[in-house]
Amino acid sequence: MKKILAALLAGCMAAVSLAACNTYTDNSSSSAPSSQGGSSSENSGSESSSAPAEPMSFTFIGGNPVTLNPILSQSTDDGNSFYLLQSSLFRYYDDQVQNELCESYDISDDELTYTFHLRDAVWSDGEPITAEQFAYAIQCYTSPDMGSPAASNFDNVVGAIDFNEGNGSWEEVGVKALDEKTLEITLIQPEQSFILGMATSPPYPLRQDFVEAQGEKLGSSPEAMQFSGPYVLDDWKLDSSLTFKKNENYWNAENAFPVETITLLKVDDANTSYSMFESGEVDALAGVSAQYYDALKEYVTTQSGGEGLMYLWINQNGLTSESSRVLANNNFRLALNYALDRESTIAALSPTQIPYSRLLQPIYPGSSADKIYTEEYPVESAPLGGDAEKAKEYLAKALEELEISDVSELPQITFVTWDADRQKVFCESLIDQWKQVLGITSIQLNQYPIGTAIGNYMTNQYDIFAISISAGITPVSCLENFVTGGDYNTGIWASEEYDALVKQIKTEKDDAKRCEMIQQAEQILVSDSSVVPFYALSTTYATQPYVKGFGIGTLGSGFQFDHLTVEK
C-alpha cells in the first residue's frame, strides 16, 4: 500500500528476519520483543492463585483514517488502523517480519514460486479464513475496475500488470488458491524483498460475497467491515474517534494484544492535546507538537529512519494555462527549490524532523558492505540552508525565457495541502521565503479537509502540493512512484530516460551497477525539481509512565500494540 499524506514506511533493514518457518508468537511462553518496552506475553496470561486482572483500556490521540476500505486505502492513518483490525500472511513488528496467518511457506528453486501454508484461523464472526480469500483480495487490488492504489504492489506477479491494464484476465495472473489452506504466488523475476513487502504492505483477506454486497459502502462504517485481526471496530465517529474492542476469535488472542479496549481520538489543536495528556485524560500522543516538545521531553520517544519524506510536487501542467507555462520552466522550479532554507525552517517549526533535499533516504545499503547508498552515491541537490544568490540566478533565467519583465507579472500559483495547523504554518513559511528571497507574491495557500485534499491531488487540481511519501522498502520501490503512471505521478511529469533507468534497475543483479543506475535516476528527479524534498519524517510520540510497549511502524505503517500494557 502506497502511503499518501502522512506516510510513515528490503533489503535496507539488516535486522529484518525473513526466515521461512518462523511463527509469530507460537505459544504463551514466547516472550515479546523488548526494544519498544513490550512486556512478556506471559504477563498477560492468567494467574491461577489470584483474581482476574481488570481489563486494560488505552486512550490516545492520533490521526484518524481517511477510509477503511482496504481496496482503496492509501494513507498511513488507514494503515495504522488496519494493523489492529486485520490480519495477513505476515505481520511486521519490532523490525522483524513475523509469520501471522501464514504458518510456513516454501520457495521454488528458481525463487519464482511461493507456496504459503495457512494456519487455522477465523474471522471475528467465526467463519474460516481461507487461501481463496487472499486470492480474491489480490484480484481486487489488481482489478482494472477497482482502481486500487495498491495495484503496483503486485507488478512482479505473473500477469498482474496486464490484468490491471485490461489486457489480460484474472485466470492468467500467478495467484492461485490450491486448496483452503494453500496459496501460491508466482513472480516474473526473483525479488529479495518480496516477503518484506508482503508484511509492510500486506494483502488483507476479503470475502467476495461481503465485498460485493457492500459495494461502495465497504469500509465506511463498522457494519460495512469484516475483521480478521486482533481487534474489531466497535464505534467510529468520523473525524472524532475510533473504538477498538479485542477480537476474542483472533488466532493468537491469548498471547498477544492484551489491551481490551483501545480508543483513538482525533484532536487537531496542539494545546488541547497537551492539556489532555498533562491531565491524564489520555495515555499517549501519537505525535508531539514542536511547541510542546520540551515540556514533554521526559515522556517522548523519537523514531527516525525510514518513515518517509515531506516534499512538494510542482505540477507542470498547472491549474491554469498561465501557471502551467511558468511551472513547466525548469529554471523557475529550481529557483523555488534553491530559495528554501530547510535547516532554519525545520529548526524553528519542527526540530524533531530532519532537513533533507534529496529523494532517497540514508537507510539503504550501498554496494560496499560497510556503507549506505547515500554515502557512496552522492547527488547534486539544493543546499539544506538554501542558496539565495543561485535561486535569484535561476529566477532571472526563467523570467528571460518566459519573456516576463518582472515577478509582479507572474500569474497566481495555487499551493494546496490539507487542513492541519502545522501544515498551515509550514506552507506559509515556504511562501514567505519565496517572497523574501525571490520577491514572488502570487502564491496562494488553499487548505482542504484531508479527503478533499487527496481528491485534489489525484485529479491534479493544484499548482504546488505539499505531501508526504513513504521511504519505500527498497530504493527502486521509492523510484517507481515517479515513473510515468506511477502511484505518485498522476500525469504531471514524464522522463523517458528516468522510466528506462528504473526498469533496468529492477533486473540488474550486480550491486555496483544497480547503485549507479539508482544514482542516475535519483539525480534526474532531483535536478528536474518537479519533486522538491524538504524534510525526512520522524515519529515523535509521548507515553505516560505506566504505558509499556507502545510502538508505531517505521517501515510501512501500523499502531504496533502487539504487547502494549497499561498499568495504572
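Residues numbered from 1 in each chain as written. Predicted model: local features only at pLDDT ≥ 70, side-chain atom pairs only at ≥ 80, totals over all residues. Heavy atoms only, no water.

Colleague: Which parts of the structure should I look at to understand the overall build of the protein chain?
Modeller: Helix and strand content of the protein chain: 16 helices and 19 strands. Per-residue burial over the protein chain gives 58% buried out of 568 residues. Accessible surface, the protein chain: about 23000 Å² in total, of which carbon and sulfur atoms supply 46%. (Helix = DSSP H or I, 4+ residues; strand = E, 2+ residues; numbered from the N terminus. Buried < 20%, exposed > 50% of the residue type's maximum accessible area, 1.4 Å probe, protein only. Areas by Shrake-Rupley, 256 points an atom, 1.4 Å probe, with all protein chains shown as cover.)

Colleague: Explanation requested: the packing of aromatic side chains in the structure shown.
Modeller: The relative placement of two aromatic rings is captured by the distance of their centres and the angle of their planes. Applying the stated criterion across every chain, the model contains 37 aromatic pairs. Residues F58 and F60 carry aromatic rings whose centres are separated by 5.2 Å and whose planes lie at 25 degrees to one another, so their mutual orientation is stacked. We classify F58 as buried; its relative accessible area is 1%. Their ring planes at 15 degrees and their centres at 5.6 Å tell us that Y373 and Y377 sit as a pair that is stacked. Classification of Y377 as buried rests on a relative accessible area of 9%. Members of the aromatic cluster, each reached through a chain of ring pairs, are Y311, W313, Y457, Y462, F465, F482 and Y488. Positioned above the aromatic ring of W123 is the side chain of R207, whose terminal nitrogen or guanidinium carbon lies 5.4 Å from the ring centre. (Phe/Tyr/Trp six-rings, centres within 6.5 Å; stacked < 30°, edge-to-face > 60°. Lys NZ or Arg CZ within 6 Å of the ring centre and 35° of its normal.)

Colleague: Just to check I follow, could you spell out helix α2 (residues 131-142) for this structure?
Modeller: Counting along an α-helix, one turn takes 3.6 residues, and residues three or four places apart therefore face a common direction. The end-to-end C-alpha distance of α2, which contains 12 residues, comes to 17 Å, matching closely the 16 Å that a straight helix rising 1.5 Å per residue would cover. Burial within α2 is extensive, with 10 of its 12 residues counted as buried. When we look at burial in α2, the residues that qualify are A131, Q133, F134, A135, Y136, A137, I138, C140, Y141 and T142. The inward-facing, buried residues of α2 contact β5 (113-118), α3 (160-164), β6 (175-179), β7 (182-186) and α5 (208-214). (Expected span 1.5 Å × (residues − 1). Contact = heavy atoms within 4.5 Å.)

Colleague: Got a minute to help me understand the pairing of strand β2 (residues 90-93) in this structure?
Modeller: Along any regular strand, the residues point their side chains to alternate faces of the sheet. The side-chain alternation of β2 yields two buried faces, one formed by F90 and Y92 and the other by R91 and Y93. Both β2 and strand β3 (residues 96-99) contribute to a ladder of four bridges, which runs antiparallel. Across the sheet, the residue bridging to Y92 is V97, located in β3. The loop that links β2 with its antiparallel partner β3 comprises two residues; one of these, D94, has a positive phi angle of about 55 degrees. (Pairing = 2+ DSSP bridges.)

Colleague: I'm lost on the side chain of D78 in this one. Help?
Modeller: Within the secondary structure layout, D78 lies in helix α1 (residues 76-85). In this structure the side chain of D78 is engaged in a polar contact, spanning 3.2 Å, whose partner is the backbone nitrogen of T67. When sequence neighbours within four positions are dropped, the list of residues in contact with D78 reads P65, V66, T67, L68 and S73. (Polar contact = N/O pair within 3.5 Å; in protein donor to acceptor, adjacent residues only side chain to side chain.)

Colleague: What exactly am I supposed to notice about the pattern of salt bridges here?
Modeller: Oppositely charged side chains may form a pair once their charged atoms are brought near each other. One pass over the full model with this rule turns up 12 salt bridges. Close ionic contact of D120 with K181 constitutes a salt bridge, the shortest N to O distance being 3.6 Å. Pair noted here: D120 is in the loop between β5 and α2 and K181 is in the loop between β6 and β7, with a separation of 61 residues, a long-range link. D120 gets classed as exposed once you look at its relative accessible area, which sits at 68%. K181 gets classed as partly exposed once you look at its relative accessible area, which sits at 24%. (Salt bridge = Lys/Arg side-chain N within 4 Å of Asp/Glu carboxyl O.)

Colleague: So what exactly am I meant to see when it comes to the environment of K568 here?
Modeller: Looking at the element boundaries, K568 is found in the segment after β19 (565-566). Distance in space between the C-alpha atoms of K568 and P545 is 8.9 Å, their sequence separation being 23 residues. A polar atom in the side chain of K568 sits 3.3 Å from the side chain of D283.

Colleague: What am I meant to see in a negative patch on the surface here?
Modeller: Together, D162, E165, E171 and E172 make up a region of like negative charge exposed at the surface. Position of D162 among the secondary structure elements: in helix α3. (Patch = residues over 30% accessible without salt bridge, like charges linked within 9 Å, V, L, I, M, F, W, Y side chains within 5 Å. Lys, Arg positive; Asp, Glu negative; His and termini not counted. Charge placed at Lys NZ, Arg CZ, Asp CG, Glu CD.)

Colleague: How should I be thinking about the sheet that holds β7 in this particular structure?
Modeller: Note: strands within a sheet are paired through backbone hydrogen bonds, in either parallel or antiparallel orientation. Ordered in space as β4-β5-β7-β6, the four strands form an open sheet in which the pairing is antiparallel. Bordering the open sheet on either side are β4 (102-107) and β6, each of which pairs with just one other strand. Averaged over all pairs of adjacent strands, the angle between their axes in this sheet comes to 20 degrees, without regard to strand direction. As paired strands, β4 and β5 are joined by five bridges and run antiparallel to one another. Looking at β5, one finds that D106 is bridged to T115. (Axes fitted to C-alpha atoms, helices over the stretch in contact; angles between N-to-C directions.)

Colleague: Would you mind going over the pairing of strand β10 (residues 261-265) with me for this structure?
Modeller: Extensive coverage of β10 is indicated by the burial of five of its five residues. Residue alternation in β10 divides its side chains into two sets, T261, T263 and L265 and I262 and L264, and both sets are buried. Direction of pairing for strand β1 (residues 57-61) relative to β10: parallel, over a ladder of five bridges. Looking at the pairing, I61 lines up with L265 of β10. Looking at chain direction, strand β9 (residues 241-246) and β10 are connected through five bridges and run antiparallel. Counted as the bridge partner of T243 is T263 from β10.

Colleague: Explanation requested: the environment of G166 in the structure shown.
Modeller: With respect to the secondary-structure elements, G166 resides in the loop between α3 and β6. Under the relative-accessibility criterion, G166 is labelled exposed at 53%. Placed 23 residues apart in sequence, G166 and S143 show a C-alpha to C-alpha distance of 8.3 Å.

Colleague: Hey, could you run me through unusual backbone geometry in this one?
Modeller: Note: most peptide bonds trans; most residues except glycine with negative phi. Phi is positive for D239, close to 60 degrees, though the residue is something other than glycine. Structurally, the position occupied by D239 is in the loop between β8 (231-237) and β9.

Colleague: Looking at this structure, I do not really get the confidence of the model for the protein chain. What am I missing?
Modeller: Low pLDDT marks regions whose predicted coordinates should not be analysed in detail. Per-chain confidence: the protein chain averages 87 in pLDDT, with 89% of residues scoring 70 or above. Within the model, the stretch residues 1-52 combines pLDDT values under 50 with 162 contacts to residues more than four positions away or in other chains. (pLDDT = per-residue confidence, 0-100.)

Colleague: Would you mind showing me how to read the packing of helix α8 (residues 330-338) against helix α16 (residues 511-528) here?
Modeller: The packing of two helices is summarised by the inter-axis angle and the distance between the axes. The geometry of α8 relative to α16 is characterised by a closest axis approach of 8 Å and an angle of 90 degrees between their N-to-C directions. Between α8 and α16, the interaxial angle falls into the category roughly perpendicular. For the pair formed by α8 and α16, the contact residues are N330, R333, L334 and N337 on the first element and V526, S527 and D528 on the second. Residues that form the contact of α8 with α16 fall into these classes: two nonpolar, three polar and two charged. (Parallel < 35°, antiparallel > 145°, perpendicular 65-115°, else oblique. Nonpolar A, V, L, I, M, F, W, Y, C, P; charged D, E, K, R; others polar.)

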